Amino acid sequence: MSATPETLTLEIKDLLHKLDALLVAHFYQRDEIVALAHLCGDSLELSRKASQSPKNLIVFCGVAFMGQSVKVLAPQKRVIMPKMACCSMARMIDSEYFDKSIATLQGYGIAKEEIFPITYINSNADVKAKVAKMGGLVCTSANAKKIFDYAKSQGKKIFFLPDKCLGQNLAIADNKKSCVLGSASKEEILASDVICYDGFCSVHQLFSINDVEFYRQKYPGIKVVVHPECDPSVVGVADFVGSTSQIIAYVQSLPLEQKVVVGTEFNLVNRLRPKLNGVSTTFVLSATKPECPTMNETALQDVLDCLRAYEDNMPINEVLLDSDTQHWAKIALDRMLELS
Ligand code: 13P
Ligand code: SF4
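What counts and how
- Residues numbered from 1 in each chain as written.
- Chains lettered and ligands numbered in written order.
- Predicted model: local features only at pLDDT ≥ 70, side-chain atom pairs only at ≥ 80, totals over all residues.
- Heavy atoms only, no water.
- Near = heavy atom within 4 Å.
- Polar contact = N/O pair within 3.5 Å; in protein donor to acceptor, adjacent residues only side chain to side chain.
- Areas by Shrake-Rupley, 256 points an atom, 1.4 Å probe, with all protein chains shown as cover.
- Core = buried A, V, L, I, M, F, W, Y, C linked by side-chain atoms within 4.5 Å.
- Buried < 20%, exposed > 50% of the residue type's maximum accessible area, 1.4 Å probe, protein only.
- Contact = heavy atoms within 4.5 Å.
- Phe/Tyr/Trp six-rings, centres within 6.5 Å; stacked < 30°, edge-to-face > 60°.
- Helix = DSSP H or I, 4+ residues; strand = E, 2+ residues; numbered from the N terminus.
- Pairing = 2+ DSSP bridges.
- Axes fitted to C-alpha atoms, helices over the stretch in contact; angles between N-to-C directions.
- Arc of directions from axis to C-beta.
- Salt bridge = Lys/Arg side-chain N within 4 Å of Asp/Glu carboxyl O.

Caption draft 1: Representation of the site of ligand 1 in the model. Neighbouring ligand 1 are His26, Tyr28, Asp42, Ser43, Asn122, Ser141, His204, His227, Glu229, Ser243 and Thr244. Contact distances for ligand 1 include 2.8 Å between an oxygen atom and a side-chain N or O atom of Glu229. Residue Thr244 places a side-chain N or O atom 2.6 Å away from an oxygen atom belonging to ligand 1. Here ligand 1 loses 97% of its free accessible area of 300 Å² to cover by the protein chains.

Written out as structure tokens, the structure reads:
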């Protein structure tokens, strides 16, 4: 007989207690995982709070760069992930592509010393380490503006990676000239204040200006709320732009009669608000269900399997880093935390 969600939940709770572990989940995780988690949050909150927790064992339900960030910030902790699922955007750059990008910019006559790199937290630790070695740092969607302002004060060209949308959105909001490496000409690159790497989120790419127009026509007065990983054309017409935590706080501050359409991952939007008299006033900004495939990989059975393996002293999906990557990635994250 296969286990029911109830029996899985009970076993997981027992093992979490026995192993004195903290169960952490990003907001995009499935409902049953979020319901069980001791700590839920956006990337900034999770990296900060999980690394500062008194618990030594962290069970991280999310994507790989998130679990890695906790390990980087708190190397003494054991971090295990029920699924070592990779954010597709984070996979778009590695340390080799980073070096190649810097070499391309140097080929255009921009000296390494003139480049200030910022990596979005949605990148692997090796990339964060490379960024730190060049004097740069990390940002998340929650603190991007603050980090961007700090980067500007360095008086260099900003190389923003890997998300071209977040990079362009920051530049546009600040009236700075930006371009995307790979599609921009040498002249455009030399004239830009912000050069973005050509990465993107496949989920947030789903939302379009046509979707915004559709909802505004159908429900005049509706509020359009989006994540800054959306295309600049969508962000430019939204009523509110923010990280996952900021989206939740904003939407939940509105009266339930206020219709809202949200451009971010489905699981988060689906549990945002109750219905009003049996009718939903909260919509998803896409005809296609915007599910993050890797975030959705983690199931209750995976959490249980991971805990059992740890208990048996045969941990699976433990986050481990070499000491150089650990050291430098921590510098990049610490610089961010000092500013946020
Ligand atoms: P937040 O930091 O806003 O939670 O975003 C993480 C993410 O991966 C969004 O796609
Ligand atoms: Fe990565 Fe996009 Fe999934 Fe966020 S929603 S974890 S950026 S693939």
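Alright, that's what it looks like, and here's the rest.
Caption draft 2: Seen up close, the nonpolar core. Core analysis: the largest hydrophobic core is formed by 66 residues, its most contacted members being Phe60 and Phe160. When neighbours within four sequence positions are excluded, Phe60 is seen to be in contact with Val24, Leu46, Met66, Gly67, Val70, Val79, Ile80, Met81 and Pro82. With 21 residues, the next largest nonpolar core counts Leu16, Val59, Leu300 and Cys306 among its residues.

Caption draft 3: Up close: the packing of aromatic side chains. By the definition in use, this model includes seven aromatic pairs. Between Phe98 and Phe159 the ring centres are 6.1 Å apart and the planes differ by 40°, which places this aromatic pair in the tilted class. With a gap of 61 residues between them, Phe98 in helix H5 (residues 95–107) and Phe159 in strand E7 (residues 157–161) connect regions that are remote in the sequence. For the pair Phe98 and Phe159, a shared accessibility class is recorded, and that class is buried. Taking 5.7 Å as the distance between ring centres and 40° as the angle between the ring planes, the aromatic pair formed by Tyr215 and Phe283 counts as tilted.

Caption draft 4: Representation of the sheet that holds strand E3 (residues 57–61) within the structure. With parallel pairing, the four strands of this open sheet are ordered in space as E2-E1-E3-E4. The open sheet has two edge strands with one neighbour each: strand E2 (39–41) and strand E4 (78–80). Looking at each pair of strands side by side, their axes are set apart by 25° on average, direction ignored. In this sheet, E3 lies alongside strand E1 (residues 21–26) in parallel orientation, the contact comprising five bridges. Note that in E3 the partner of Leu23 across the bridge is Val59.

Caption draft 5: Focus on the environment of Ser183. As for its placement among the helices and strands, Ser183 is situated in the loop between strand E8 (178–180) and helix H9 (186–191). Relative accessible area serves as the criterion here: at 60%, Ser183 is assigned to the exposed category. Put simply, Ser183 and Phe116 are 67 residues apart on the chain and 20 Å apart in space, counted from C-alpha to C-alpha.

Caption draft 6: Fine view of the side chain of Ser123. Summarising the element assignment, Ser123 is placed in the loop between strand E5 (115–120) and helix H6 (125–133). Looking at Ser123, the relative accessible area reads 0%, which means it is buried. Among the polar contacts listed, one links the side chain of Ser123 to the side chain of Thr119, at a separation of 2.8 Å. Beyond its immediate chain neighbours, meaning those up to four positions away, Ser123 contacts Phe65, Gln68, Ala90, Lys128 and Pro162.

Caption draft 7: Spotlight on helix H10 (residues 209–218). For H10, the full list of buried residues reads Asp211, Val212 and Tyr215. Summarising the axial view, the buried residues of H10 lie within an arc of 100°, below the 170-degree limit, and thus occupy one face. Within H10, the exposed residues directed more than 90 degrees away from the buried face are Asn210 and Gln217.

Caption draft 8: Focus on the pattern of salt bridges. Tallied over the full model, the rule gives 17 salt bridges. A salt bridge links Glu318 to Arg78, with the shortest nitrogen-to-oxygen separation between them at 2.6 Å. Placement of Glu318 in the loop between helix H14 (300–311) and helix H15 (323–339) and of Arg78 in strand E4 is noted, with a sequence separation of 240 residues between them. You can call Arg78 partly exposed: its relative accessible area is 33%. The network of salt bridges with common partners includes Lys145, Asp149, Lys152 and Asp174.

Caption draft 9: Quick look at the sheet that holds strand E9 (residues 194–196). Strands sit in the order E6-E5-E7-E9-E8 across an open sheet of five strands; the sheet is parallel. In this open sheet, the two edge strands, each paired with only one partner strand, are strand E6 (137–139) and E8. On average, each strand axis in the sheet is tilted by 25° relative to the strand beside it, whichever way the strands run. This element, H6, spans E5, E6 and E7 of the sheet and lies at about 155° to E5.

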